[in-house]
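Descriptive analysis of the structure
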Amino acid sequence: MVDVALTKDEQARAHRARATLVRKLTEVGALHDPAWRQAVAEVPRHVLIPHYFDNGGSTTWLAVDSANPDQRDDWLDAVYSDRTLVNDLGTLPSSSGDTPSRVPTGSSSLPSLVVAMLEKLDVQADERVLEIGTGSGYSTALLCHRLGSSNVTSLDINPRLVDEARGRLAALHYTPTLIAGDGAIGYPYGAPYDRIIATCGVTHVPSAWIRQLGAGGRIVAPLDGTREGGLMVLDKAAPDEVTGRFDAMLTFFMPMRDDPDHPWGPARGMSHTARGCMAHDGTTDLDPSTLISDDHDWWLFLRLHLPGATFGHTLDPAGRRDGISVHTTASSAIAAFAPIGPDEWRTTQRGAGRIWDTVESARRTWERLGMPRRTRLGITALDDTNHQYVWLDDPNGAYSWPMPL
Ligand SMILES: C[S@@+](CC[C@H](N)C(=O)[O-])C[C@H]1O[C@@H](n2cnc3c(N)ncnc32)[C@H](O)[C@@H]1O
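Thoughts on the sheet that holds strand 17 (residues 377-382)
Spatially, ten strands are ordered 7-6-5-8-9-10-11-17-18-19 in an open sheet, and the strand pairing comes out mixed. Each edge of the sheet is formed by a strand with only one pairing partner; in this case those strands are strand 7 (177-180) and strand 19 (400-402). Ignoring which end each strand starts from, the neighbouring axes of this sheet average 20 degrees apart. Against the sheet, helix 11 (residues 296-305) touches strand 11 (241-246), strand 17, strand 18 (388-392) and strand 19, its axis set at about 60 degrees to strand 19.

Some details on the packing of helix 5 (residues 111-121) against helix 6 (residues 138-147)
It is at 11 Å that the axes of helix 5 and helix 6 come closest, and there the two elements cross at 40 degrees. When the axis of helix 5 is compared with that of helix 6, the two are oblique. The chirality of how helix 5 crosses helix 6 is right-handed. On the side of helix 5, the interface is formed by Val114, Val115 and Leu118, while helix 6 contributes Ser139, Leu142 and Leu143. When grouped by side-chain class, the residues that make up the contact of helix 5 with helix 6 number five nonpolar, one polar and no charged.

Side note on the domain arrangement of the protein chain
Here the protein chain is described as being made up of domain 1 (8-89 + 108-246) and domain 2 (272-368). The gap between the C-alpha centroids of domain 1 and domain 2 is 36 Å. Contact residues are listed per partner, giving seven residues for domain 1 and seven residues for domain 2. Regarding the contact of domain 1 and domain 2, the summed buried area is about 710 Å², with carbon and sulfur atoms giving 55% of it. Three residues, Arg227, Glu228 and Phe246, lead the burial of domain 1 against domain 2; their summed loss comes to 82% of the area buried on that side. Applying the counting rule to domain 1 against domain 2 returns one salt bridge. We note a salt bridge from Glu228 to Arg303, for which the minimum N-O separation is 3.0 Å. If you look at where domain 1 meets domain 2, you find three residue pairs in polar contact (both at pLDDT 80 or more). Across the side of domain 1 that touches domain 2, the residue classes tally to two nonpolar, two polar and three charged.

What about the environment of Thr105?
Within the element layout of this structure, Thr105 appears in strand 4 (residues 101-108). Spatially, the C-alpha atom of Thr105 lies 26 Å from that of Ile210, the residues being 105 residues apart in sequence.

Let's talk about the packing of aromatic side chains
Applying the stated rule across the entire model yields six aromatic pairs. Note on Tyr187 and Tyr189: the rings are 5.3 Å apart at their centroids and 70 degrees apart in plane angle, and the pair reads as edge-to-face. The class of Tyr189 is exposed, set by a relative accessible area of 70%. For the pair Trp299 and Phe311, a centre-to-centre distance of 4.9 Å together with 70 degrees between the ring planes defines the contact as edge-to-face. Separated by twelve residues along the polypeptide, Trp299 in helix 11 and Phe311 in strand 13 (residues 310-315) bring together distant segments of the chain. Residues Trp299 and Phe311 agree in their burial class; the two are buried. Counting every residue linked through ring pairs, the aromatic cluster contains Trp298, Trp299, Phe311 and Trp366.

How each quantity is defined
- Residues numbered from 1 in each chain as written.
- Predicted model: local features only at pLDDT ≥ 70, side-chain atom pairs only at ≥ 80, totals over all residues.
- Heavy atoms only, no water.
- Pairing = 2+ DSSP bridges.
- Helix = DSSP H or I, 4+ residues; strand = E, 2+ residues; numbered from the N terminus.
- Axes fitted to C-alpha atoms, helices over the stretch in contact; angles between N-to-C directions.
- Contact = heavy atoms within 4.5 Å.
- Parallel < 35°, antiparallel > 145°, perpendicular 65-115°, else oblique.
- Left-handed = near helix turned anticlockwise from the far one by under 90°.
- Nonpolar A, V, L, I, M, F, W, Y, C, P; charged D, E, K, R; others polar.
- Domains from an automatic or database assignment.
- Buried area = accessible area lost by both parts, 1.4 Å probe.
- Salt bridge = Lys/Arg side-chain N within 4 Å of Asp/Glu carboxyl O.
- Polar contact = N/O pair within 3.5 Å; in protein donor to acceptor, adjacent residues only side chain to side chain.
- Phe/Tyr/Trp six-rings, centres within 6.5 Å; stacked < 30°, edge-to-face > 60°.
- Buried < 20%, exposed > 50% of the residue type's maximum accessible area, 1.4 Å probe, protein only.

Pasting the structure below:
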C-alpha cells in the first residue's frame, strides 16, 4: 500500500530535491560511490516516511503528516533534507507521578550518516547483507536498489515498523526478507552474509552476527551511547572472530533493545542501593567543568573505564547547571563546578565503587597517553562474548578493556 501519492508538481519537486540531496551529501564528504549516488537519486524517501514526529527542540512531539494539507510542504522539504526523522515514540514510565515522557524509539536516520555507513560497508554487487534496524525502510530500500531485494534481509524489533516498511517497500517494487525480531540473534536462515550493518547501537558484538558473517565479511555497527559516537568497522578474521577499529566518523544511534516496549534498551538507571548508600565526601583536583567538553574521543575513552555509565548535570535551586553527575547501576558520584580552593573541587560518591576516582584516573591515563583519538582504538571480538576487547594501538599491547561497554 502506498500512503503517499504526489501531484505532478510535487513529483517534479521531489525529483529536484533528491538531486540536491545527492549534491549536498557529496559536498559534505558522505557520498562518493556512483552506485550509492544513483540509489539516493532514485529511491523516493517520501514514500517510506509519510509522517514523522517533530519536537522543534522541546519535549513535546508533534505529528507532521503528508495527509495534512497545512503540513504537506514542510513534510516534503523535510524528507529530502539531511535530517533524522523520528517515526516511532516510546513511553518512559514516570517514577514521580508526572506525565510519562515520550522518547524516540525509531527514526529514519540522517541520510548523510546512512550513506557514509553504507560506503564503509564496502559492499559489492550481488553480495548479501543483513541489516539490523529496518525502521522506516529507507536504508533497506537503498540496499535493495544497489544489491537487488533477494540479497537483502532486514530485522526490526518493532513489528509495526516492519509491517509498514514491508508495504511501502513493496509499493517501490522492493521485496527484501523482512523479519520482526531481535536483531541480536540475527537471522540464521539467510546466513552466511557478506555484510552486516546495524542502525541501532550495541554494547558488544552479538555472537550471532559473528557466526552468521561469511569469510571475508564485514560488520559496521554503532556503539550505543549519547556522547561517545563510536562506530565499529570489523572484518572477519577467523570463523569465530572479527577484528577492526573505531572509525573516525561519529555516529549517534538509539540503543538496540531486547524488549520492544522498553524505549531505553539496556538498564542504565541508578540502583536504589546506590541512592541509599552513605555519601563519601572528598575533593578532586580535576576541574569537573573541563570534562563536559565536546571531545567525543575522551567520552569514548572514558566509556571503556565505566561501561554502562550515564552522565548528567546537577542543578542549583535556580535551575542552573552547577555540577556533573555520573552513575552506573551500582554507584553514583557528583562533582561540583564551583572550586573550594585553588585546583580543588568537591565530590560526593556513593555505592559499590568510587566512580569519580575512576573518571579521574581515566582522564589522567588519557592525557598521559597523548589524548588518543578514536582511530587508535581497535576491537577484537570472539563469538564467545566473554572474549571481546577494545585495545589501544595493538591487540597484544599494554592497554585493553573488556566489552560489553
Ligand atoms: C535509527 S532506527 C533505524 C533507521 C533505519 N535504518 C532507517 O533508515 O529508517 C533504529 C531502529 O532499530 C530498531 N531496533 C532497536 N532494537 C532492535 C533490536 N534488538 N533488533 C532489531 N531492531 C531493533 C528500532 O525499532 C528502530 O526502528
